[in-house]
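An overview of the molecular structure
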Amino acid sequence: MPSNKHSFIEDVQAIIIATLLASLGVMLFKTTGLLIGGTAGLSFLGQYATQFSFSEIFFIINLPFYILSYKQLGWKFTLKTFVAVLLLSVFVEFTPTFITVSFLDPIYSAVVGGLLIGFGLLMLFRHGASLGGLMILAQFLNQKYKIPIGKFQMSVDFVVLLLAIFIVDWRAILLSILGATACNLILVINHKPGRYSGK
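Summary of the structure given here. Note that this is a predicted model, so its numbers are computed, not measured. (Residues numbered from 1 in each chain as written. Predicted model: local features only at pLDDT ≥ 70, side-chain atom pairs only at ≥ 80, totals over all residues. Heavy atoms only, no water.)

Section: the packing of helix H8 (residues 149-163) against helix H9 (residues 170-190)
Quick note on the threshold: Only the stretch in contact is used when fitting a helix axis, every axis being a line fitted to C-alpha atoms; angles between N-to-C directions are given from 0 to 180 degrees. Helix and strand definitions follow DSSP, with helices as H or I runs of at least four residues and strands as E runs of at least two, each counted in order from the N terminus. Any angle that is under 35 degrees is reported as roughly parallel, and any over 145 degrees as roughly antiparallel; angles of 65 to 115 degrees are reported as roughly perpendicular and all others as oblique. Helix crossings get a hand from a simple test, with the near helix turned counterclockwise from the far one by less than a right angle marking a left-handed crossing and a clockwise turn marking a right-handed one. Contact definition: two residues touch when any of their heavy atoms are within 4.5 Å. The classification used treats Ala, Val, Leu, Ile, Met, Phe, Trp, Tyr, Cys and Pro as nonpolar, Asp, Glu, Lys and Arg as charged, and all other residues, Gly among them, as polar.
Taken N-terminus to C-terminus, the directions of H8 and H9 make an angle of 170 degrees; their axes are 9 Å apart at the nearest point. When the axes of H8 and H9 are compared, the pair comes out roughly antiparallel. In terms of crossing hand, the pair formed by H8 and H9 is right-handed. In contact with Ile149, Gly150, Lys151, Gln153, Met154, Asp157 and Leu161 of H8, H9 contributes Ile173, Ser176, Ile177, Ala180, Asn184, Leu187 and Val188. In terms of residue class, the contact of H8 with H9 is built from 8 nonpolar, 4 polar and 2 charged.

Following this line, the structure appears as structure tokens:
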């Protein structure tokens, strides 16, 4: 009987494709001044409030979470997550050199950007990885206590967007909520314990 486990090559291609999709979603958000939740959202807030780039803050803010990841989820998950975070940081930094957007509707950006990030996250979760930070905590709570990742992430996103009130205007907040909803709907609908057997 064939194994359901992913091969090394399958994991590599999934992590690359997932981070490319997520980086395109992040680029859409950045272009229209929107926010996403979780660690990425905190990185956006840091970028808007400081002189550091999204990629720099995103990479650094994830470092403490690798301890939890290693102790609770194992070295394979931690290594895959580290690579995914590194790739996303690089892709977000260099994507604007390949794409120039002359017009981008903020509503389209919120919905499509959220869907792209959601699909990227879903692919990473199904290959035993994440985008670090609070997503490591979400994965741990899902495996340990069966708390749905999408619902946990939605709660975290709500808190991050509340904090954003002090940095960005209310229209960007509303559109960011739309984007976060699109992203988390992908996870709520498609990521359920026991539904996917590949590891």
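Observations concerning the nonpolar core
In plain terms, the rule: What makes a nonpolar core is a set of buried Ala, Val, Leu, Ile, Met, Phe, Trp, Tyr and Cys residues whose side-chain atoms join them at distances within 4.5 Å. For each residue, the accessible area found with a 1.4 Å probe, counting protein chains only, is set against the maximum for its type, and the residue is called buried under 20%, exposed over 50%, and partly exposed in between.
Among the nonpolar cores identified, the biggest contains 48 residues, and Ile36, Leu121 and Leu131 are the most heavily contacted of them. The element contributing the most residues to this core is H9, with 7 residues. Setting aside chain neighbours within four positions, we find Leu131 in contact with Thr19, Ala22, Phe58, Asn62, Thr81, Ala84, Val85, Leu88, Leu121 and Leu124.

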